[in-house]
Amino acid sequence: MLEKLEKEIELSEEVLNGLPVNNKKNKERYLKEISLEIANYQKKLDDVKGELKRRLEPFENLEYQEVASNEVTLKNLLKALSYTNTLSTAYEKLDLDKIIYQLANYDDDELINNNLKIIKAINIFKAANMALTKNDFNYTKFVNDYMSMFFEEGLTNEKIKNKFDSIYWQCPNIIEQVEFNFRYLYLKNSSRAEKYIENVNRQVKERFRNAETTILDDYNYLRVKSDNFVSKNNLVLDFYNQKLDIEEYTDEKIAAITSSLFKNNDYDDSKIDLIKQLLNSLKEYKNYLKYKDLIDKAKALYNDTLEKDYMKKAIKKISDLESKLFKLSKKSLSKVSKTSVDKMEPEINAKIAEIKALYDEIDSNMFKVAVKNHIRDNSTIFKVLLLACQYYKILADYFKEKEEEISYDEIDKRIEELFEFTMDPSNTLINNMTLLENRELSDIIITNYKMANINIDESLIDENSLDDLISNLEKIVINNEIKVLGISVKKLQDAKMIKAIDLN
């Protein structure tokens, strides 16, 4: 069509150039012929634009296919797995560790948010058959005064602020004391909390014939289904809308990638499963590198020493101090004058300071305690990461070390990302390599895929090159999907060219 049009234009130019323009009549005739030619080519242009628009119509009429979301179900299954595993206690399973951590760092948040956490903690105790009353908050007279409002009708932000302001000047550490009171109440009711979790797990197991195994199977099935879902419509629209550039996925471009990747250019579509396996391995390796410092820390803690029955002894010391604290609190006056504070207050504050020191020590050793209790010589990296995911403090501290100003919402997202990586059913490396193993995962990957005739070495999978290799492998996979789904590369290329033209 283009050649025919070019010849017509060339012929028109010859005819027009041959027309005389030596007088007025000839000039008028010449202008008339030009007008006819312009009208003729304008019509041709309109016809061409119309044809181009018609060629885009099949794409314009497409809509993104809504993918059935399994996100909520997957999260619920992960929650069930967290409940049914034996890596943590009811304290962590009920998310009380998360609330206590955030109350312990109350200066990182606003007053209203801290009080919402207090309300949440009260509700958790109630849901776990440990209903509290204002009389349970007797750590100090200030705690009792402050917490009483949470058991009264008509609680408002203004009421909370006024109560906080009236107590703060007498007791600047009021939120900290409330935190210690919650810790005390959990330890006092821990057996009831564990029975509640056992009952929840019993109900879960009644719904799943093989309990943890079936929950994990269901999670893996839905995860694989979601991760491997491919929609022809969505892929076509991604190309049409330029989320993906079709020129990067042509057979010629893919051949350039596979020729450098496979020895003797020994690649055909029958090896796509091998490409997918390598892609999964590299994505897993990339995540492994992302959390390698956490894994290395667990390894160091495993080789470190910890006093026998450390936690039991520390809790006993706290319990003894709390007994003395409660005796002092009973002697405390309900009112003080402007010229002096309660004479018991210095002793009370000293005891609370000792309790805080012990809790700070316990918190700083939490990761070590968890590792010592649950990790053995043959424990895999998977188990280490799964263990870390059960303890909010471990991961909150870890992510804060990386990003000092990180918000609690962002910490939640990071924890979710780590948990999802840990539970990825396509993982093979972290599930089979022990924490104490000295081999590098990169060596395992290179050795394995070299035997499959793939040109891969350390330079290709170092942190600087890894993303490029992953991107190239994804292009091979998408190129294969284009073929399997019967998508026309030529039509997409034409559509790309047409969209670059102003058709208005």
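First, a word on scope: everything that follows refers to the structure included in this document. (Residues numbered from 1 in each chain as written. Predicted model: local features only at pLDDT ≥ 70, side-chain atom pairs only at ≥ 80, totals over all residues. Heavy atoms only, no water.)

### Examining the packing of helix 13 (residues 272-290) against helix 22 (residues 441-450)
Here is step 1 of the chain: Two elements in contact, helix 13 and helix 22, have axes whose closest approach is 11 Å; the angle formed by their N-to-C orientations is 170°. The angle between the axes of helix 13 and helix 22 places the two elements in the roughly antiparallel class. For the pair formed by helix 13 and helix 22, the contact residues are Leu-274, Gln-277, Leu-278, Ser-281, Leu-282, Tyr-285 and Tyr-288 on the first element and Leu-441, Ser-442, Ile-445 and Tyr-449 on the second.
Here is step 2 of the chain: Split into classes, the residues belonging to the contact of helix 13 with helix 22 amount to 8 nonpolar, 3 polar and no charged. (Axes fitted to C-alpha atoms, helices over the stretch in contact; angles between N-to-C directions. Helix = DSSP H or I, 4+ residues; strand = E, 2+ residues; numbered from the N terminus. Parallel < 35°, antiparallel > 145°, perpendicular 65-115°, else oblique. Contact = heavy atoms within 4.5 Å. Nonpolar A, V, L, I, M, F, W, Y, C, P; charged D, E, K, R; others polar.)

### Brief notes about the side chain of Ser-281
Here is step 1 of the chain: Relative to the elements of secondary structure, Ser-281 occurs in helix 13.
Here is step 2 of the chain: You can call Ser-281 buried: its relative accessible area is 7%.
Here is step 3 of the chain: If sequence neighbours within four positions are ignored, Ser-281 has contacts with Thr-428, Leu-429, Ile-445 and Tyr-449. (Buried < 20%, exposed > 50% of the residue type's maximum accessible area, 1.4 Å probe, protein only.)

### Examining the pattern of salt bridges
Here is step 1 of the chain: Under the criterion given, the structure shown has 36 salt bridges.
Here is step 2 of the chain: Glu-248 is the salt-bridge partner of Lys-253, the closest N and O atoms lying 3.3 Å from each other.
Here is step 3 of the chain: Exposure remark for Lys-253: the relative accessible area of 37% places this residue in the partly exposed category.
Here is step 4 of the chain: Of the charged contacts in the structure, one is a salt bridge between Arg-414 and Glu-410, with a shortest N-O distance of 2.7 Å. One end of the pair is Arg-414 and the other is Glu-410, both in helix 20 (residues 408-422) and 4 residues apart, which spans about a single turn.
Here is step 5 of the chain: The class for Arg-414 is partly exposed, based on a relative accessible area of 22%.
Here is step 6 of the chain: Put simply, Glu-403, Glu-410, Lys-413 and Arg-414 are held in one network by salt bridges that share partners. (Salt bridge = Lys/Arg side-chain N within 4 Å of Asp/Glu carboxyl O.)

### Quick look at unusual backbone geometry
Here is step 1 of the chain: Although it is not a glycine, Gln-242 sits at a positive phi angle of roughly 70°.
Here is step 2 of the chain: As for its position among the elements, Gln-242 is in the loop between helix 11 (232-240) and helix 12 (251-261).
Here is step 3 of the chain: Taking the relative accessible area as the measure of exposure, Gln-242 reaches 43% and is therefore partly exposed.
Here is step 4 of the chain: In this model, Asn-264 sits at a positive phi of 60°, which is unusual for a non-glycine residue.
Here is step 5 of the chain: Relative to the helices and strands, Asn-264 resides in the loop between helix 12 and helix 13.

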